[in-house]
Amino acid sequence: MHRKANQATATAAPNGLLQLSLSLALLELFTGGAALTLQGNAYHGLLVAINPCVPEDPKIVSSVKEMITEASFYLFNATQGRVCFGSVKILIPATWKKNTYAKPMQEIYTKADVIIAPPYWKHGHDPYTLQYGGCGEKGKYIHFTSDFLVNNDSVGTYGSHGKLFVHEWAHLRWGVFDEYDSEKPFYISRQNQVKATRCSADLTGTYVCEKESCTEGNCVIDQVTGLLKEGCAFIHDKAQNASSSIMYMQSLSSVFEFCDASNHNAEAPNAQNRMCSYKSTWDVIMSSDDFKFNIPLTSNNFSLPPTFSLLQATDRVICLVLDFSGSINENNWLIRMHQAIEVYLLQIVEDNSYVGIVTFSEVGEIKSQIRQIISADVRKQLASALPVASSGKGANVCTGLQLALEIIKNHDGNVSSSEIILLTSGEDNSLSKCFSDVINIGLIIHTISLGQSVSKELEQLGRMTGGLSFFVSDRPDSNSLIDVFSAIVAGNGAASHHPVQAGDWTYTLSNTHMLPDVLTMTVTSRAIKSDVPTITVRTHTNKDTNIYPSPMIVYAQVSQGFSPILGANVTAVIEPENGDPIILDLFDNGAGADMIKNDGVYSKYLFSFMRNGRYNLKVYVERDNQTIGPYPAMLWSPAMYIPGYITNGTIQMNAPRPLMNSEDMQIRSGGFSRVASGGSFTVSGVPAVPYKDVFPPCKIIDLDARAEDDRVILTWTAPGDDFDQGQAARYEIRISKSPVELRENFENATPVNTSSLTPQLAGSKEIFVFNPEMLVNNHINYVALHTVDKSFLQSDLSNIAQALVLLRKDSLIAPAKNGTLTIVLTTCGLLLLASSCLILSTILSTTQRKRRKWPLTKLYYDPHISHL
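Caption draft 1: Fine view of the overall build of the chain. Each helix and strand counted, the chain has 16 helices and 43 strands in total. When burial is assessed residue by residue, the chain has 56% of its 868 residues classed as buried. Taking contacts inside the chain between residues at least 6 apart in sequence as the whole, the part at least 24 apart equals 73%. Here the chain has roughly 36700 Å² of accessible surface; of this, 52% comes from carbon and sulfur atoms.

Caption draft 2: Broad picture of helix 3 (residues 58-78). In this model helix 3 runs 30 Å from its N-terminal to its C-terminal C-alpha over 21 residues, within 8% of the 30 Å that 1.5 Å per residue would give. What helix 3 keeps buried is the set Ile 60, Val 61, Ser 63, Val 64, Met 67, Ile 68, Ala 71, Ser 72, Tyr 74, Leu 75, Phe 76 and Ala 78. Between the side-chain oxygen of the N-cap and the backbone nitrogen of Lys 59 there are 2.9 Å, and the N-cap of helix 3 in question is Asp 57. At the exit of helix 3 stands Gln 80, carrying a positive phi of roughly 60 degrees.

Caption draft 3: The arrangement of the packing of helix 10 (residues 333-348) against helix 11 (residues 376-384) in detail. The contact between helix 10 and helix 11 brings their axes to 9 Å, and the two run at 165 degrees. With respect to helix 11, the axis of helix 10 lies roughly antiparallel. Relative to helix 11, the crossing made by helix 10 is right-handed. Each of Glu 342, Tyr 344, Leu 345, Leu 346, Gln 347 and Ile 348 in helix 10 lies in contact with helix 11, whose residues at this interface are Arg 379, Lys 380, Leu 382 and Ala 383.

Caption draft 4: The arrangement of the confidence of the model for the chain in detail. Of all residues in the chain, 82% attain a pLDDT of 70 or more, and the chain-wide mean is 83. Averaged pLDDT values for the elements of the chain fall to 31 in strand 41 (residues 820-825) and rise to 98 in strand 11 (residues 307-312). Note that pLDDT drops below 50 for residues 662-666; the model gives that stretch 10 contacts with residues more than four away or on any other chain.

Caption draft 5: Molecular detail of a nonpolar patch on the surface. A contiguous nonpolar surface patch, about 440 Å² in accessible area, is contributed by Tyr 507, Leu 509, Leu 519 and Met 521. When you line up the elements, Leu 519 lands in the loop between strand 18 (500-502) and strand 19 (524-525).

Caption draft 6: View of the sheet that holds strand 35 (residues 711-717). The strand order across the open sheet formed by 3 strands is 34-35-38, and the pairing between neighbours is antiparallel. In this open sheet, the two edge strands, each paired with only one partner strand, are strand 34 (704-708) and strand 38 (765-770). The mean angle between the axes of side-by-side strands here comes to 25 degrees, regardless of whether they run parallel or antiparallel. Across 5 bridges, the pairing between strand 34 and strand 35 is antiparallel.

Caption draft 7: Representation of the state of the cysteines in the model. The tally for this structure, following the rule as stated, stands at 3 disulfides. The residue that forms a disulfide with Cys 199 is Cys 259, at a sulfur-sulfur distance of 2.2 Å. The sign of the -120 degrees torsion about the S-S bond sets the Cys 199-Cys 259 disulfide as left-handed. Taken together, the residues Cys 199 in the loop between strand 8 (194-196) and strand 9 (205-209) and Cys 259 in the loop between helix 7 (246-249) and helix 8 (271-275) connect sequence positions 60 residues apart. Comparing Cys 199 with Cys 259 shows no difference in burial state: the two are buried. Residue Cys 398 pairs covalently with Cys 434 via a disulfide, S to S 2.2 Å. Around the S-S axis, the bridge from Cys 398 to Cys 434 shows a dihedral of about -80 degrees and counts as left-handed.

Caption draft 8: Region of the structure containing helix 12 (residues 397-412). End to end, helix 12 covers 23 Å across 16 residues, agreeing with the expected 22 Å (1.5 Å per residue, within 8%). Residue Asn 396 occupies the N-cap position of helix 12, its side-chain oxygen lying 3.2 Å from the main-chain nitrogen of Cys 398. Just downstream of helix 12 lies Gly 413, where phi reads positive at about 90 degrees.

Caption draft 9: Region of the structure containing the sheet that holds strand 39 (residues 781-788). Overall, antiparallel pairing links the 4 strands, which are arranged 37-36-39-40 in an open sheet. Each end of this open sheet is capped by a strand with a single partner; those strands are strand 37 (750-751) and strand 40 (801-803). Pairing between strand 36 (residues 730-736) and strand 37: 2 bridges, direction antiparallel. Counterpart to Ile 735 in the pairing with strand 37 is Thr 750.

Caption draft 10: Representation of the side chain of Thr 541 in the model. Looking at where Thr 541 falls in the secondary structure, it is placed in strand 20 (residues 535-541). Residue classification places Thr 541 among the buried positions, given a relative accessible area of 12%. Polar side-chain contacts of Thr 541 include one of 2.7 Å to the backbone oxygen of Lys 543. Those residues within four positions of Thr 541 in sequence are excluded, and the remaining contacts are Met 552, Ile 553, Val 554, Leu 617 and Phe 681.

Caption draft 11: Up close: the side chain of Gln 250. Within the secondary structure, Gln 250 is located in the loop between helix 7 and helix 8. Within polar-contact distance, the side chain of Gln 250 engages the side chain of His 167 at 3.3 Å. When sequence neighbours within four positions are dropped, the list of residues in contact with Gln 250 reads Tyr 74, Tyr 158, Lys 163, Leu 164, His 167, Ser 245 and Val 255.

Caption draft 12: Structural view of the nonpolar core. Counting residues in hydrophobic clusters, the biggest one holds 63 residues, and the most contacted among them are Phe 144, Phe 165, Trp 169 and Phe 258. Excluding residues within four positions of it along the chain, Phe 165 makes contact with Leu 46, Met 67, Ile 68, Ala 71, Phe 85, Val 114, Ile 142 and Phe 144. In this structure, Met 552, Phe 695, Cys 698 and Phe 723 belong to the second largest nonpolar core, which totals 49 residues.

Reading the values: rules and limits
- Residues numbered from 1 in each chain as written.
- Predicted model: local features only at pLDDT ≥ 70, side-chain atom pairs only at ≥ 80, totals over all residues.
- Heavy atoms only, no water.
- Helix = DSSP H or I, 4+ residues; strand = E, 2+ residues; numbered from the N terminus.
- Buried < 20%, exposed > 50% of the residue type's maximum accessible area, 1.4 Å probe, protein only.
- Contact = heavy atoms within 4.5 Å.
- Areas by Shrake-Rupley, 256 points an atom, 1.4 Å probe, with all protein chains shown as cover.
- Expected span 1.5 Å × (residues − 1).
- Polar contact = N/O pair within 3.5 Å; in protein donor to acceptor, adjacent residues only side chain to side chain.
- Axes fitted to C-alpha atoms, helices over the stretch in contact; angles between N-to-C directions.
- Parallel < 35°, antiparallel > 145°, perpendicular 65-115°, else oblique.
- Left-handed = near helix turned anticlockwise from the far one by under 90°.
- pLDDT = per-residue confidence, 0-100.
- Patch = residues over 30% accessible without salt bridge, like charges linked within 9 Å, V, L, I, M, F, W, Y side chains within 5 Å.
- Salt bridge = Lys/Arg side-chain N within 4 Å of Asp/Glu carboxyl O.
- Pairing = 2+ DSSP bridges.
- Disulfide = S-S within 2.5 Å.
- Core = buried A, V, L, I, M, F, W, Y, C linked by side-chain atoms within 4.5 Å.

So this is what it looks like as structure tokens:
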């Protein structure tokens, strides 16, 4: 993507071809010194960061080392000798006592691959991967808690920590999804059999009623859904022959592989099938960037253990490098710069940080050596050092950078982990000449482009050094420059120390002049108590560069600590270099670009670009006084809780998963508002003339079917005419007795009459009812649909739902006798089922302990389901 965009620019400006090629080569070599890379067959630079809120405990570090060392060998075998972990960095927080730890380079908490942090919500310590992108897209980080790592009791529930790490690594690195589903633990197969949602289907076990909600202590069929009622669980045999799958139950000793095309369970209603169009996890993994170039299998039968280095975060050192050349006299930049930089120095930059100031035009000038922010007076003195007028005509960025390196080295002896905030409004085509001076030395450079004349190499400099990149438009009514400075905060994970743009304020203003004037206002505040998390907003796009007509996605994560904030109104404003901004309302509805409902991540497709060039992203978030709840039980990609195992004919149950209190399921907060800047991105390939419609409706991922009397009711979220925006033209719904036919030969499946169905606006809830006489006789039926827009562009096929109609309303329930529970399961009454019924009877002791042992005294299987 980067290569194509820059080649297009080079073609438009042949004289800059050599220079751009050099910049591109440097970019490919130095895309952030702290970034994780795959070199040969080993991952290097894996960053594990400990949150500053976590109390100091040396067991955490030793547990991390043991976990990743075990994971490396397991990963090597799971990928058939392709990859392992080579080098790992563990970032110790500054809140822990000083030791002989090395100083970080560009390693910061907010860019860690793995974080050790307080629990997500208050109900437990389940590991999970923050993963809200589509199939094959990398996640953000893996989250462990310190209690989970040092508590050996978790091994019995989740399996070994090393194997669990590989499960989460597959989420993070390769964008695969879980092959279990806590909301849909059972499904009905094409053979009219109730099965546990799993992969592979060769894993054996039995059904157990593990909750008091079971009727008279028995597992029974729900006469509405045809599935087992709540409280029933599929308990696996401890000893298995099946070797897959890691994305289902890596805790089993026999499991060491991912499901592939040969054993993938495409019928299971799990996230992997729903998100990845029924592809196996191994197929998705092998199509990732890591393996698409066909990494050869290593000739070694084993991998070397990874190496570990311990780093400790230090006080923040920042140098402002500011363009005060003649170009700032245009568009009122001088005043706007003064306002924004003063706000940054007086209100935003954290206490105890070290700050210096350098300005440049043709030559550079040191305005302030590095000083520590220890009082309001120091802040005022730094602000007073800013120039009041421009000097010189041209802008030589390299002179400013070289002076910044000088004063940083004078302060600390080296520049590792130090930051530069580089702001310029002038065009400097010689910027790449000093790239070699500032990259690969541990320096982090954040870049701010003022207006559209700034060299395109500026963003490359930010990416090469692991910094942030921002663009501020020429619009006089924009306060984006203050928003940008507000976003450049410490990446140490101590969010409670960061300022936020917030609050409900009322001002009365009057203009005493004869002419209208432009006024912008920004209010910043900080948390009253450091131990109470603030409500924060983090926003970004899924790409830094984009080539039309490929769509982008805008994300905004709204949270209080690690708890999501629901019910917010989130609006994204995308400003181009010139012209009107693009306004998007983002949603957390589990449809369109938003993969997971109610996870606090609000999303929307972005595609309607009017011109090439830079764009700046900003989001506005607000919510009235309200209580939001209850929250869903589980989000993102959590580790699978194992209720128990069957060992030598005895069921051994683990302790129940901790449940949330009703108070924990809600967030009570007053009204709030937030503004957050998400950086800049560039777009190329936009046609100069009005373009034809090339944007189809987005894929439907939440199609659901249920039976009600003699009707089948379908529900889903409406897509748009263009992805998740607008209103589509029509739906095409088809049914089949085979899900394979729907996936591979949709046009040959039986159509459903949708003449009375008109699509609603994108994001609306669609409900469609049709008569079961349309269903295929003597078999469970599967339903899927396409959406068609006004230009006859068609969406990808939706997820596949089952249409169930229960003709018989009886089931067998054995009563409890003599302190035992008799579990009788029956599939009598499923849609058009043959006369034979499945009966599974198990007599279990009701002895309750932390680990309950239930002797399996009697077990009967119908031959039709012996493979369960």
